[in-house]
Amino acid sequence: MKKEFSDLEREIVEIEVEKSRLNREKAMIVLNKSLFIYFCFLFVGIIGFINSYVSKTVLNIIIFVGLVVLVIGTIPYVQTMKAEEKKLNTLIDDLKKRGVRL
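Along each chain, residue indices are assigned from 1 in the same order as the chain's sequence is written. Totals for whole chains, interfaces and linings use every residue, but because this is a predicted model, local features are given only for residues with pLDDT of at least 70 and side-chain atom pairs only at 80 or more, for both listing and counting. Side-chain calculation: all heavy atoms of the structure are included, whereas hydrogens and water are not.

Asks: Outline the packing of aromatic side chains, listing residues and values.
Replies: Any two of the Phe, Tyr and Trp rings considered here, Trp counted by its six-membered ring, make a pair once their centres fall within 6.5 Å; the pair's planes then place it as stacked at under 30 degrees, edge-to-face at over 60, or tilted in between. Under the definition given, this model contains one aromatic pair. Taking 5.2 Å as the distance between ring centres and 65° as the angle between the ring planes, the aromatic pair formed by Tyr38 and Phe39 counts as edge-to-face.

See below:
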(Lines give C-alpha, C1' and ligand atoms only; values in the text may rest on other atoms or scores of the structure.)
Protein backbone atom coordinates (compact mmCIF):
# COMPACT_ATOMS: atom_id res chain seq x y z
CA MET A 1 0.00 0.00 0.00
CA LYS A 2 1.41 3.36 -1.02
CA LYS A 3 1.40 6.25 1.45
CA GLU A 4 1.30 9.94 0.66
CA PHE A 5 3.92 12.34 1.92
CA SER A 6 2.86 14.83 4.50
CA ASP A 7 3.69 18.44 3.73
CA LEU A 8 6.47 18.43 6.32
CA GLU A 9 8.09 15.28 4.88
CA ARG A 10 7.88 16.69 1.38
CA GLU A 11 9.57 19.92 2.49
CA ILE A 12 12.31 17.98 4.29
CA VAL A 13 13.05 15.94 1.15
CA GLU A 14 13.11 19.09 -0.99
CA ILE A 15 15.50 20.79 1.44
CA GLU A 16 17.80 17.75 1.47
CA VAL A 17 17.87 17.69 -2.34
CA GLU A 18 18.59 21.43 -2.44
CA LYS A 19 21.39 21.00 0.09
CA SER A 20 22.82 18.28 -2.12
CA ARG A 21 22.72 20.65 -5.11
CA LEU A 22 24.55 23.32 -3.12
CA ASN A 23 27.28 20.89 -2.11
CA ARG A 24 27.72 19.82 -5.73
CA GLU A 25 27.89 23.45 -6.86
CA LYS A 26 30.57 24.24 -4.25
CA ALA A 27 32.63 21.27 -5.42
CA MET A 28 32.17 22.34 -9.05
CA ILE A 29 33.40 25.86 -8.24
CA VAL A 30 36.55 24.46 -6.63
CA LEU A 31 37.13 22.24 -9.67
CA ASN A 32 36.60 25.14 -12.09
CA LYS A 33 39.04 27.35 -10.19
CA SER A 34 41.68 24.63 -10.12
CA LEU A 35 41.26 24.11 -13.88
CA PHE A 36 41.61 27.85 -14.42
CA ILE A 37 44.77 28.01 -12.32
CA TYR A 38 46.18 24.96 -14.13
CA PHE A 39 45.70 26.55 -17.54
CA CYS A 40 47.11 29.85 -16.28
CA PHE A 41 50.24 28.04 -15.14
CA LEU A 42 50.51 26.32 -18.53
CA PHE A 43 49.97 29.57 -20.41
CA VAL A 44 52.51 31.51 -18.36
CA GLY A 45 55.03 28.69 -18.56
CA ILE A 46 54.73 28.17 -22.31
CA ILE A 47 54.74 31.88 -23.15
CA GLY A 48 57.70 32.40 -20.83
CA PHE A 49 59.58 29.50 -22.39
CA ILE A 50 58.89 30.63 -25.97
CA ASN A 51 60.10 34.16 -25.19
CA SER A 52 63.15 32.81 -23.28
CA TYR A 53 62.01 34.25 -19.92
CA VAL A 54 61.83 30.76 -18.41
CA SER A 55 64.33 27.90 -18.57
CA LYS A 56 63.39 24.26 -19.15
CA THR A 57 63.72 23.49 -15.47
CA VAL A 58 61.41 26.32 -14.44
CA LEU A 59 58.94 25.30 -17.15
CA ASN A 60 58.89 21.75 -15.78
CA ILE A 61 58.39 23.07 -12.25
CA ILE A 62 55.52 25.31 -13.40
CA ILE A 63 53.83 22.40 -15.21
CA PHE A 64 54.30 20.13 -12.17
CA VAL A 65 52.83 22.74 -9.80
CA GLY A 66 49.91 23.19 -12.21
CA LEU A 67 49.25 19.45 -12.13
CA VAL A 68 49.40 19.44 -8.33
CA VAL A 69 46.83 22.25 -8.22
CA LEU A 70 44.61 20.31 -10.62
CA VAL A 71 44.80 17.14 -8.51
CA ILE A 72 44.14 19.07 -5.30
CA GLY A 73 41.09 20.68 -6.91
CA THR A 74 39.78 17.36 -8.24
CA ILE A 75 39.93 15.45 -4.95
CA PRO A 76 37.18 17.46 -3.15
CA TYR A 77 34.99 17.26 -6.26
CA VAL A 78 35.23 13.47 -6.41
CA GLN A 79 34.69 13.09 -2.66
CA THR A 80 31.65 15.36 -2.71
CA MET A 81 30.12 13.56 -5.68
CA LYS A 82 30.53 10.17 -3.97
CA ALA A 83 29.06 11.43 -0.69
CA GLU A 84 26.09 13.10 -2.38
CA GLU A 85 25.41 10.01 -4.49
CA LYS A 86 25.36 7.88 -1.33
CA LYS A 87 23.00 10.30 0.40
CA LEU A 88 20.60 10.41 -2.53
CA ASN A 89 20.66 6.63 -2.98
CA THR A 90 19.94 6.19 0.73
CA LEU A 91 17.05 8.64 0.52
CA ILE A 92 15.60 6.86 -2.52
CA ASP A 93 15.95 3.44 -0.87
CA ASP A 94 14.28 4.67 2.32
CA LEU A 95 11.38 6.08 0.35
CA LYS A 96 10.97 2.84 -1.61
CA LYS A 97 11.04 0.78 1.60
CA ARG A 98 8.38 2.98 3.16
CA GLY A 99 6.28 2.67 0.04
CA VAL A 100 5.83 6.41 -0.18
CA ARG A 101 4.40 7.86 -3.35
CA LEU A 102 5.80 11.22 -4.37
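Asks: So what about a nonpolar patch on the surface? Which residues, and what values?
Replies: Together, Phe43, Val44, Ile46, Ile47 and Ile50 line one region of the surface with nonpolar side chains, adding up to about 500 Å² of accessible area. One can find Val44 in helix H1 (residues 7–50). Like charges are joined within 9 Å and nonpolar side chains (Val, Leu, Ile, Met, Phe, Trp, Tyr) within 5 Å, but only among residues with over 30% relative accessible area and no salt bridge; these make up the patches. Reported accessibility uses the Shrake-Rupley method at a 1.4 Å probe radius. Residues are deemed covered only where the shown protein chains occlude them. Whenever a carboxyl oxygen of Asp or Glu lies within 4 Å of a side-chain nitrogen of Lys or Arg, that contact is scored as a salt bridge. Under the DSSP-based scheme used, a helix requires at least four consecutive residues in state H or I and a strand at least two consecutive residues in state E, with every element numbered from the N terminus.

Asks: Residue-level account of the packing of H1 against helix H2 (residues 56–98), with values.
Replies: Axes here refer to lines fitted to C-alpha atoms; in helices the fit is confined to the stretch in contact. Angles between the N-to-C directions go from 0 to 180 degrees. At a closest axis distance of 9 Å, the pairing of H1 and H2 adopts a crossing angle of 170°. With respect to H2, the element H1 is oriented roughly antiparallel. Regarding H1 and H2, the two cross each other, and that crossing is left-handed. The scheme is simple: roughly parallel for angles under 35 degrees, roughly antiparallel for over 145, roughly perpendicular for 65 to 115, oblique for anything else. Left-handed describes a crossing whose near helix is turned anticlockwise from the far helix by less than a right angle; the clockwise case is right-handed.

Asks: Tell me about unusual backbone geometry, residues and numbers included.
Replies: Most of the time, phi is negative for any residue but glycine, and the peptide bond is trans. Of note in the backbone geometry, Ser52 takes a positive phi value of approximately 60° without being a glycine. Its location among the elements puts Ser52 in the loop between H1 and H2. For Ser52, a relative accessible area of 64% puts it in the exposed group. Only protein chains enter the accessibility calculation, which uses a 1.4 Å probe; a residue is then buried when its area is under 20% of its type maximum, exposed when over 50%, and partly exposed in between.

Asks: Residues and numbers for the pattern of salt bridges, please.
Replies: Under the defined criterion, the tally for this structure stands at two salt bridges. In this structure, Glu18 and Arg21 form a salt bridge, with 2.8 Å as the shortest nitrogen-oxygen distance. Taken as a pair, Glu18 and Arg21 lie in helix H1 at a separation of three residues, close to a single helical turn. With a shortest N-O distance of 3.8 Å, Glu84 and Lys87 are connected by a salt bridge.

Asks: Provide a residue-level description of the environment of Leu67, including the pertinent values.
Replies: Secondary-structure assignment places Leu67 in helix H2. Assessed through its relative accessible area of 39%, Leu67 is described here as partly exposed. Along the backbone, Leu67 and Glu85 are 18 residues apart, and their C-alpha atoms lie at a distance of 27 Å.

Asks: How would you sum up H2? Please name residues and give values.
Replies: Its 43 residues give H2 an end-to-end C-alpha distance of 63 Å, which sits within 8% of 63 Å, the value for a rise of 1.5 Å per residue. Leu59, Ile62, Gly66, Leu70, Gly73, Thr80, Glu84, Leu91 and Leu95 are the residues of H2 that are buried. Just downstream of H2, Gly99 is the residue with a positive phi angle, here 70°. Multiply 1.5 Å by the residue count of a helix minus one, and that product is the helix's expected span.

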